[in-house]
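The primary structure of each chain is shown beneath.
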Amino acid sequence: MNVRLAHGIDGAPRPTPAHAVVALGANLGDRRETLEAAVEELRRLTLTTDVRVSEPIDTVAVTLQGEDEDAPRYLNAVAVLETRLSPEELLASLHRIEARHGRVRRERWGDRTLDLDLIAYGDERIDRDDLVVPHPRAHEREFVLAPWLDVDPDAEIPGRGRVADLLDRLRGGAE
């Protein structure tokens, strides 16, 4: 890939890598195999290094109506990585990985072979139609916070606080 394209058409090359957080999930097919393959693809991304991944956790499916015990269960994990890719190119790369694993976007929060969400990109705050970071619901999702904390005990969500504190609140701990 052309280095200029990796940083965005109008963006200057990043002199130092950004710390990015990617949530992985799958509830169709061989979930574990799919997550392992997706992680290998993350490790091969251009201008990306130091990919660390949490242990996967098994979780109930969450739909627009809430938790769905009847839907296939998810396997979720979080990867933290260092990348010089722009946030836009990283997101596009995540979408290409999803597509290679049969991801079809039919319904919001529907069943899927692979879901890769860009949760955070350094301390950046981006709010556009095509990209929002930090992810607007990450602080409400135990299936994101618990594996993230597993791989990065000092993690913080920009504008929300420490992941450990957010997870504690979700689990009914101190406010």
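Residues numbered from 1 in each chain as written. Predicted model: local features only at pLDDT ≥ 70, side-chain atom pairs only at ≥ 80, totals over all residues. Heavy atoms only, no water.

Draft legend 1. Representation of the packing of helix H2 (residues 31-43) against helix H3 (residues 87-100). Orientation of H2 relative to H3, taken along the N-to-C sense of each, is 145°, at an axis distance of 11 Å. Both H2 and H3 take part in a crossing whose hand is right-handed. In contact with Ala38, Glu41 and Leu42 of H2, H3 contributes Leu94, Ile97 and Arg100. (Axes fitted to C-alpha atoms, helices over the stretch in contact; angles between N-to-C directions. Helix = DSSP H or I, 4+ residues; strand = E, 2+ residues; numbered from the N terminus. Left-handed = near helix turned anticlockwise from the far one by under 90°. Contact = heavy atoms within 4.5 Å.)

Draft legend 2. Main features of the pairing of strand S1 (residues 18-26). Most of S1 sits out of view: 8 of its 9 residues are buried. In this structure, S1 lies alongside strand S7 (residues 115-121), joined through 6 bridges in antiparallel fashion. In the sheet register, Ala20 faces S7, and the bridge partner there is Tyr121. (Buried < 20%, exposed > 50% of the residue type's maximum accessible area, 1.4 Å probe, protein only. Pairing = 2+ DSSP bridges.)

Draft legend 3. Structural context of the environment of Ala18. Secondary-structure assignment places Ala18 in strand S1. Residue Ala18 is classed as buried on the basis of its relative accessible area of 12%. Between the C-alpha atom of Ala18 and that of Arg84, which follows or precedes it by 66 residues, the distance is 6.2 Å. Ignoring any residue separated from it by four or fewer positions in sequence, one finds Ala18 in contact with Leu81, Glu82, Thr83 and Tyr121.

Draft legend 4. Geometry of the side chain of Asn76. Mapping Asn76 onto the fold places it in strand S6 (residues 74-83). Using a relative accessible area of 6% as the deciding quantity, one classes Asn76 as buried. Side-chain polar atoms of Asn76 contact the side chain of Thr59, separated by 2.5 Å. Those residues within four positions of Asn76 in sequence are excluded, and the remaining contacts are Leu24, Gly25, Leu35, Glu55, Pro56, Ile57, Thr59 and Phe143. (Polar contact = N/O pair within 3.5 Å; in protein donor to acceptor, adjacent residues only side chain to side chain.)

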